[in-house]
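Structure at a glance
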Amino acid sequence: MMNIAVLISGSGSNLQTLIDACERKEIDAKIVSVYSNKKNVYGLNRAEKHGIKTYHLEDLESLCDTNYDLIVLAGFLKILPKNVVEKYEHKIINIHPSLIPSFCGKGYYGMKVHQAVIDYGVKVTGCTTHFVSEGADEGPIIMQKWLQVEDDDAQSIQKKVLELEHQCLVESVKAFVEGRIEVKDRKVSIHE
Ligand code: GAR
């Protein structure tokens, strides 16, 4: 069974959906570690409630000392060091709350993304899972889900996108664990 590490910086609702999907065996894998770069975030309580080991991650390079089958960045707001990205090529999945390549990269995280979406006046937004490469939000795109922006503000759109994120992340991790993801250059195919 695959071992997964999840990295968080906040409330961990995406982490929770992964924990639930693993517990009901929709995803046939085990989340063995949850790392946070911030102390006292709610996501750490979620992990502890389910008996998952938690770590306060100060030294990101220590990720290289362990062999995980997959690392998931679920609301993790730091850039990973080069050697971690190299060691885990196509084995780190990030979820981002916009349709990459819009509203992504340096400075675009959390509510800032949704505020920018509203301020720009785009009619469609959503979320993206992608493999992590060295540049922020630049790696091969695995899956995107979208919705129409209606009479929304940043808060309401954030809520709607978060629901899509939960589906998108579970589907992406499930496909990875089942060995159904193929990457050629930056084109990702998901097989049935
Ligand atoms: C999610 O919306 C995630 O996409 C975003 O942080 C939020 C974490 O929520 N990540 C980024 O903005 C990364 N650039 P959660 O802690 O409830 O899962």
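To keep things clear, this report deals only with the structure shown in the data block. Residues take numbers from 1 onward in each chain, read along the sequence in its written order. For this predicted model, a pLDDT threshold of at least 70 governs which residues receive local features, and a threshold of 80 or more governs which side-chain atom pairs are given and counted, while totals over whole chains, interfaces and linings are taken from all residues. Heavy atoms throughout the structure, all of them, feed into the side-chain values; hydrogens and water do not.

We count a salt bridge whenever a side-chain nitrogen from Lys or Arg sits within 4 Å of a carboxyl oxygen from Asp or Glu. Overall, the coordinates contain seven salt bridges when judged by the stated rule. Notably, a salt bridge pairs Glu171 with Lys145, separated by 3.2 Å at the nearest N-O pair. With Glu171 in helix α5 (residues 154–177) and Lys145 in strand β7 (residues 141–148), this residue pair connects regions lying 26 residues apart in the sequence. Connected through shared salt-bridge partners, Lys174, Glu178 and Arg180 make up one network. Runs of E in the DSSP output that reach at least two residues are strands. Runs of H or I that reach at least four are helices, and both are numbered from the N terminus.

Take the nonpolar core next. For soluble globular proteins, nonpolar side chains are generally found buried alongside one another. For the purposes of this section, nonpolar cores are sets of buried Ala, Val, Leu, Ile, Met, Phe, Trp, Tyr and Cys residues that join through side-chain atoms within 4.5 Å. For every residue, the accessible area (1.4 Å probe, protein chains only) is compared with the maximum for its type, and the residue is labelled buried under 20%, exposed over 50%, or partly exposed between those bounds. Core analysis: the largest hydrophobic core is formed by 43 residues, its most contacted members being Val6 and Val173. When residues of this core are assigned to their parent elements, the largest contribution, ten residues, is made by α5. We call two residues contacting when some pair of their heavy atoms lies within 4.5 Å. Beyond its immediate sequence surroundings of up to four residues, Val6 is in contact with Leu15, Leu18, Ile31, Ser33, Val34, Tyr35, Val72 and Ala74. Core analysis: the second largest hydrophobic core is formed by 17 residues, Leu63, Leu80, Tyr88 and Ile92 among them.

Here we take up the environment of Ile181. Note that Ile181 resides in strand β8 (residues 181–184). Sequence-wise, Ile181 and Ile142 are 39 residues apart; in three dimensions their C-alpha atoms are separated by 8.2 Å. Once you skip the residues sitting within four places of it in the chain, Ile181 turns out to touch Phe131, Ile142, Ser172, Ala175, Phe176, Val188, Ser189 and Ile190.

Hydrogen bonds along the backbone pair up the strands of a sheet, which may run parallel or antiparallel. Paired strands, in this sense, are two strands between which DSSP finds at least two bridges. One open sheet holds the seven strands; their spatial order is β3-β2-β1-β4-β5-β6-β7, and the pairing between them is mixed. Edge positions in the sheet fall to β3 (53–56) and β7, since each has one partner strand and no second. Within the sheet, the average angular offset between the axes of one strand and its neighbour, ignoring direction, is 20 degrees. Across four bridges, the pairing between strand β1 (residues 2–8) and strand β4 (residues 70–73) is parallel. Directly across from Ala5, in β4, lies its bridge partner Ile71. Lines fitted to C-alpha atoms define the axes, with helix axes restricted to the stretch in contact, and inter-axis angles between N-to-C directions lie between 0 and 180 degrees. Contacts from helix α1 (residues 13–23) reach β1, β2 (29–36), β4 and β5 (92–96) within the one sheet, and its direction differs from that of β2 by about 160 degrees.

Turning next to the site of the ligand. As a structural note, the neighbourhood of the ligand is formed by 14 residues, with Gly12, Ser13, Asn14, Gly110 and Glu165 the closest of them. Here a polar contact is taken to be a pair of N or O atoms separated by no more than 3.5 Å, where protein atoms must pair a possible hydrogen donor with a possible acceptor and residues adjacent in sequence count only if both atoms sit in side chains. Gly12 places a main-chain nitrogen or oxygen 2.7 Å from an oxygen atom of the ligand. At 3.2 Å from a nitrogen atom of the ligand is found a side-chain nitrogen or oxygen belonging to His96. Here, Shrake-Rupley sampling with a 1.4 Å probe gives the accessible areas, and only protein chains in the shown set may cover a residue. With the chains in place, 89% of the 450 Å² that the ligand exposes on its own is no longer accessible. Being near a molecule or strand, for a residue, means having at least one of its heavy atoms within 4 Å of it.

Right, let's talk about the packing of aromatic side chains for a bit. The way to describe two aromatic rings as a pair is by their centre distance and the angle between their planes. Stacked, edge-to-face and tilted are the three classes for Phe, Tyr and Trp ring pairs, Trp counted by its six-membered ring, which pair at centre distances within 6.5 Å; planes under 30 degrees apart are stacked, over 60 edge-to-face, the rest tilted. Evaluated as defined, the whole model comprises five aromatic pairs. For the pair Tyr35 and Tyr68, a centre-to-centre distance of 6.3 Å together with 85 degrees between the ring planes defines the contact as edge-to-face. Of this pair, Tyr35 sits in strand β2 while Tyr68 sits in the loop between β3 and β4; the two residues are 33 residues apart in sequence, bridging distant segments of the chain. Grouped by ring-pair contacts, the aromatic residues Tyr35, Tyr55 and Tyr68 constitute a single cluster.

The N-to-C vectors of α1 and α5 enclose an angle of 45 degrees; their axes lie 9 Å apart at closest approach. One element, α1, and the other, α5, form an angle in the oblique class. In this structure, α1 crosses over α5, and the sense of that crossing is right-handed. Across from Ser13, Asn14, Thr17, Leu18 and Ala21 in α1, the residues of α5 making contact are Leu162, Glu165, His166, Leu169, Val170 and Val173. Three residue categories are used. Nonpolar comprises Ala, Val, Leu, Ile, Met, Phe, Trp, Tyr, Cys and Pro, charged comprises Asp, Glu, Lys and Arg, and polar comprises the others, including Gly. Grouping the amino acids of the contact of α1 with α5 by side-chain chemistry returns six nonpolar, four polar and one charged. Geometric relationships in this document are graded by angle, where less than 35 degrees denotes roughly parallel, more than 145 denotes roughly antiparallel, 65 to 115 denotes roughly perpendicular, and other angles denote oblique. Rotating anticlockwise by less than a right angle from the far helix to the near helix defines a left-handed crossing, while the corresponding clockwise rotation defines a right-handed one.

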